[in-house]
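Spelled out from the first residue to the last, the chains are:
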Amino acid sequence: MIKLYNVSKSYGNSQVKAVDDLTLEVKPGEIFGFIGPNGAGKSTTIKMITGILTPDEGVIEIDGINLEQNPLAAKSLVGFVPDNHETYETLKGIEYLNFIGSMYGVSSKVLKEKINEYVTLFGLKDVLHNMISSYSHGMKQKLMVVAALIHEPKVWILDEPMTGLDPSSAFQLKQLMRRHADNGNTVFFSSHVIDVVEKVCDRIGIINHGKLVEVDTLDNIRADKNVSLESLFLTITADPTSVSEPVEVTQVEDTAKPKKQRRSKTAVKKTVEETEKTEEESVTATLVEDAVATSPDTQEVVEATIEKKATKSKARKSKKENEKVNVETAEVVAKTTVVTDADDNADGEGK
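Scope of this entry: the structure provided in the associated data block. All chains use their own residue numbering, which begins from 1 and follows the written sequence. In keeping with the model being predicted, local features are shown solely for residues with a pLDDT of at least 70 and side-chain atom pairs are shown and tallied solely at 80 or more, while totals for entire chains, interfaces and linings include all residues. No hydrogens and no water enter the side-chain calculation; it runs on all heavy atoms of the structure.

A look at the pattern of salt bridges
Here's step 1: Salt bridge, as used here: a side-chain nitrogen of Lys or Arg that lies within 4 Å of a carboxyl oxygen of Asp or Glu. Considering all chains together, one arrives at 12 salt bridges under this definition.
Here's step 2: As a salt-bridge pair, Glu 117 and Arg 179 come within 3.4 Å of each other at their nearest N and O atoms. A residue pair is termed long-range when its members are at least 10 positions apart, and Glu 117 in helix α4 (residues 108–121) and Arg 179 in helix α6 (residues 167–182) qualify at 62 residues.
Here's step 3: Working definition: with a 1.4 Å probe on protein chains only, accessible area under 20% of the residue-type maximum means buried, over 50% means exposed, and in between means partly exposed. By relative accessible area, which is 41% here, Arg 179 ends up partly exposed.
Here's step 4: Residue Asp 202 pairs with Arg 178 through a salt bridge whose shortest N-O separation is 3.1 Å. Remark: Arg 178 occurs in helix α6 and Asp 202 occurs in the loop between α7 (194–200) and β9 (203–208); sequence separation between them is 24 residues.
Here's step 5: Overall, the relative accessible area of 27% leaves Arg 178 in the partly exposed class.
Here's step 6: The network of salt bridges with shared partners includes Lys 114, Glu 117, Glu 152 and Arg 179. For helices the rule is a DSSP run of H or I covering at least 4 residues; for strands it is a run of E covering at least 2, with both sets numbered from the N terminus onward.

Quick look at the structure:
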């Protein structure tokens, strides 16, 4: 039903092909699952099958019709549910479906029957006469599914169709996919939901870096039937060059000059006093150690030296205290003199 022969596609001047020499056949009566990582070439392939993009190389056939040579005839056999549910939001739901039906040449009677069947199934009957702009994400997705089915296409292409659907609608969609394939049609199904692909698809194709790396039934692809499609997919599409390495953290030395801290006069004075005290204690300890290490005769000399050192220290402190008192006294006298002079001037002016 769908055949691709050596199909390739690149974007712009890129040397890397989005799809690289892809050859694939999807048979009538099967649901074909098409999976791959982001950027693997899934959407590009789907857009080429639906005629949205033209391949750089290769041939695409829909039910034996060459897509490039007879695009209208080939496209008339396809029903497409895109991943972005872009619709004409200025139309009502019923207007959009009637428009799609007329584009595919569906008779009024058949169109009315199909619309009624599918909108009832997906719960859109009550909002069918509302503007599409008022629809939620899930309602727009359901509308796109209905629009892709009303002309009973031989090829039904679904790109992430489960997005936004509630569980009931997702179940109904899977039932429709199975029924459509059982009626001798083809369902081409692309999704990132691996569990759904594993359950509903008859055959699976895995694309990676633009190349088709696996195509077969799930049982034939996996050697062990107990292995899930998810683990198999991760193994096949794993990048062998991506090896996680430990990150080395290098501590950068802070070479910035430390900021100078402003210290109060009181703190400076305190530091000086502590330093002097420490020096005195250090000298005393040294002299005592020397005294112990020397003979008893010299110990008396050491003790006398210690006493003399202590006397000098007290004298320095007493001198500093006297100087401080003298400074404070001088300041008081100066203030008193200023006040006295001011009083004398005031008395002179009064006289």
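Here's the deal with the environment of Ser 108
Here's step 1: Here Ser 108 is to be found in helix α4.
Here's step 2: When the C-alpha positions of Ser 108 and Asn 98 are compared, they lie 8.7 Å apart, and in sequence the two are 10 residues distant.

Remarks on the environment of Leu 111
Here's step 1: By the element assignment, Leu 111 lies in helix α4.
Here's step 2: Relative accessible area serves as the criterion here: at 8%, Leu 111 is assigned to the buried category.
Here's step 3: In this structure, the C-alpha to C-alpha distance between Leu 111 and His 151, residues 40 residues apart in sequence, is 7.7 Å.
Here's step 4: In this description, contact between two residues means that some pair of their heavy atoms is separated by no more than 4.5 Å. Discounting chain neighbours no more than four positions away, the residues touching Leu 111 are Leu 97, Asn 98, Gly 101, Val 106 and Ile 150.

Let's talk about α6
Here's step 1: End to end, α6 covers 23 Å across 16 residues, agreeing with the expected 22 Å (1.5 Å per residue, within 8%).
Here's step 2: In the core, the buried residues of α6 are packed alongside β3 (31–35), α4, α5 (137–149), β7 (155–159), β8 (186–190) and α7.
Here's step 3: For α6, the N-terminal capping position is held by Asp 166, with its side-chain oxygen 3.2 Å away from the main-chain nitrogen of Ser 168.
Here's step 4: Gly 184 lies just past α6 and shows a positive phi near 95°. By definition here, a helix of n residues has an expected span of 1.5 Å times n minus one. For the purposes of these results, a polar contact is taken to be a pair of N or O atoms within 3.5 Å, where, inside protein, one atom must be able to donate a hydrogen and its partner to accept one; residues adjacent in sequence count only when each atom of the pair is a side-chain atom.

Examining the sheet that holds strand β2 (residues 19–26)
Here's step 1: Here, any two strands with at least 2 DSSP bridges between them count as paired. Pairing is antiparallel in the open sheet, where four strands are placed in the order β2-β1-β4-β5. Pairing within the sheet leaves two strands with one partner each, and these edge strands are β2 and β5 (65–66).
Here's step 2: By the bridge criterion, five bridges tie strand β1 (residues 2–9) to β2 in an arrangement that is antiparallel. Across the sheet, the residue bridging to Lys 9 is Val 19, located in β2.
Here's step 3: Lying on the sheet, helix α1 (residues 42–49) is in contact with β1, β2 and β4 (57–62); it crosses β1 at an angle near 120°. Where helices are involved, their axes are fitted lines through C-alpha atoms of the stretch in contact, as for all axes, and angles between N-to-C directions lie from 0 to 180°.

Focus: the sheet that holds β7
Here's step 1: Here six strands make up an open sheet; going across it, the order is β6-β7-β8-β3-β9-β10 and the pairing mixed. The open sheet has two edge strands, β6 (78–81) and β10 (211–216), and neither has a second partner. Ignoring strand direction, the axes of neighbouring strands in this sheet form an average angle of 15°.
Here's step 2: Packing against the sheet, helix α9 (residues 229–237) makes contact with β3, β9 and β10, and its axis sits at approximately 30° to β9.

Overview of a nonpolar patch on the surface
Here's step 1: Taken together, Tyr 88, Phe 99, Met 103 and Tyr 104 make up a surface patch of nonpolar side chains, about 420 Å² in accessible area.
Here's step 2: Here Tyr 88 shows up in the loop between β6 and α3 (93–103).
Here's step 3: You can call Tyr 88 partly exposed: its relative accessible area is 46%. Like-charged residues are merged into a patch within 9 Å and nonpolar side chains (Val, Leu, Ile, Met, Phe, Trp, Tyr) within 5 Å, provided each residue has over 30% relative accessible area and no salt bridge. Calculation of accessible area relied on Shrake-Rupley with a 1.4 Å probe; when residues are assessed, cover is drawn exclusively from the protein chains displayed.

Some details on the packing of α4 against α6
Here's step 1: Interaxial distance between α4 and α6 falls to 11 Å at its minimum, and their mutual angle equals 140°. On the basis of their axis angle, the class for α4 and α6 is oblique. Contacts from Glu 117, Tyr 118 and Leu 121 in α4 reach Gln 172, Leu 176 and Arg 179 in α6.
Here's step 2: When residue character is reported, Ala, Val, Leu, Ile, Met, Phe, Trp, Tyr, Cys and Pro are called nonpolar, Asp, Glu, Lys and Arg charged, and the others, Gly included, polar. Along the lines of polarity and charge, the residues of the contact of α4 with α6 split into three nonpolar, one polar and two charged. Orientation is classified from the angle alone, with under 35 degrees giving roughly parallel, over 145 giving roughly antiparallel, 65 to 115 giving roughly perpendicular, and any other angle giving oblique.

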